[in-house]
Amino acid sequence: MEIRGKPLRPLIDPQSIQKRVHKLAGEILDAFGNTEELYVVGILKGAFIFTADLVRAMNIPVVVDFLQVSSYGQSMESSGKIRIMKDIEIDIAGKKVLLIDDILDTGLTISEIYRFLKSKGPSELKSCVFIEKEGRRKTDFEADFVGFKTLNYFLVGYGLDWGELGRNLPGIYAVEGS
Ligand code: PRP
């Protein structure tokens, strides 16, 4: 498999992803004290697939919304400057909220979004990332739940893109040479 002439190396297969996502969903509900309902906020675009799978593995009423911040653009590195492009439309004040992102790299994006959501007054706010890259943090942000940990490869699939392609791949791949 390749994207725009760059070979892709399989890292995490779709079955392993589904198994992990179902386990994570259980861990998350336990941590929220088997709450009767949960508010879930996914970060666009990357988290759309992980969010969709995770909420479908939760057997309680879930309210779902998304927010979008300014992206890397053409660069492979986070600029560290976050701008809210699309805010959530639901009121999360007094609610139990789970913030979801696809990848935790420097941590600059999610740490700022976490603060932003915290200021809206949820009763509880926890975070979950599908993949954490090891040794890359530029903040002391720690996600409460982590699906998988990887080294610093450039990753595509399961919502993650390379130049907007590859989000629909059901597994996770490393772009060869990255
Ligand atoms: C990616 C990813 C995270 C962020 C992680 O988003 O979805 O939100 O970067 O990087 P950081 O930890 O270094 O801040 P991207 O800007 O590529 O947008 P996308 O989700 O629309 O692909």
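The coordinates are above.
Just so it is clear, the model here is predicted, and its values are computed rather than measured.

Conventions and cut-offs
Residues numbered from 1 in each chain as written. Predicted model: local features only at pLDDT ≥ 70, side-chain atom pairs only at ≥ 80, totals over all residues. Heavy atoms only, no water. Buried < 20%, exposed > 50% of the residue type's maximum accessible area, 1.4 Å probe, protein only. Helix = DSSP H or I, 4+ residues; strand = E, 2+ residues; numbered from the N terminus. Pairing = 2+ DSSP bridges. Salt bridge = Lys/Arg side-chain N within 4 Å of Asp/Glu carboxyl O. Core = buried A, V, L, I, M, F, W, Y, C linked by side-chain atoms within 4.5 Å. Contact = heavy atoms within 4.5 Å. Axes fitted to C-alpha atoms, helices over the stretch in contact; angles between N-to-C directions.

For the rest of this paragraph, the subject is the pairing of strand β10 (residues 172-175). The two faces of the sheet receive side chains in turn, since in a regular strand these alternate between them. Neither face of β10 is left uncovered, since the one carrying Ile172 and Ala174 and the one carrying Tyr173 and Val175 both have all their residues buried. Bridge count for strand β2 (residues 6-12) against β10 is four bridges, and the pairing is antiparallel. By the bridge assignment for β10, Pro10 is matched with Tyr173. The pairing of strand β9 (residues 155-156) with β10 spans two bridges and is classified as antiparallel. Paired with Val156 across the strands is Tyr173, a residue of β10.

Another point: the pattern of salt bridges. Oppositely charged side chains may form a pair once their charged atoms are brought near each other. Within this structure, the stated rule accounts for 15 salt bridges. Across the pair Glu176 and Arg9 runs a salt bridge, and its minimum N-O distance is 3.1 Å. Within this pair, whereas Glu176 is found in the segment after β10, its partner Arg9 is found in strand β2, the two being separated by 167 residues in sequence. When its relative accessible area of 32% is taken as the criterion, Glu176 is described as partly exposed. Across the pair Lys96 and Glu124 runs a salt bridge, and its minimum N-O distance is 3.8 Å. Linking Lys96 in strand β6 (residues 96-104) with Glu124 in strand β7 (residues 124-133), this pair joins segments that are 28 residues apart in sequence. Classification of Glu124 by relative accessible area gives partly exposed; the value is 25%.

Our focus in this paragraph is the nonpolar core. Generally speaking, soluble globular proteins have nonpolar side chains that are buried together. Residues Ile28, Phe50, Leu54, Leu98, Phe130 and Ile172 are the most contacted members of the largest nonpolar core, which totals 29 residues. For this core, the secondary structure elements donating two or more residues are α1 (14-31), β3 (38-44), α2 (48-56), β6, β7, β8 (145-150) and β10. A per-element tally of this core places α1 first, with six residues. The residues contacting Ile172, other than those within four sequence positions of it, are Arg9, Pro10, Leu11, Ile12, Ile17, Phe130, Ile131, Leu155, Val156, Gly157, Tyr158 and Leu160. With 18 residues, the next largest nonpolar core counts Tyr39, Leu67, Val97 and Val146 among its residues.

Once that is clear, we can look at the sheet that holds β7. If you walk across this open sheet you meet the six strands as β5-β4-β3-β6-β7-β8, and the pairing is mixed. Strand pairing shows two members of the sheet lacking a second neighbour, β5 (84-86) and β8, which therefore form its edges. Direction aside, neighbouring strands of the sheet carry axes that sit 25° apart on average. Direction of pairing for β6 relative to β7: parallel, over a ladder of eight bridges. Each bridged residue has a counterpart across the sheet, and for Leu104 the counterpart in β7 is Glu132. Along the sheet, α1 contacts β3, β6, β7 and β8; its crossing angle with β8, the most-contacted strand, is approximately 145°. Most of the contacts of helix α3 (residues 108-118) go to β6, to which it runs at about 165°, and overall it touches β3, β4 (62-69), β5, β6 and β7.

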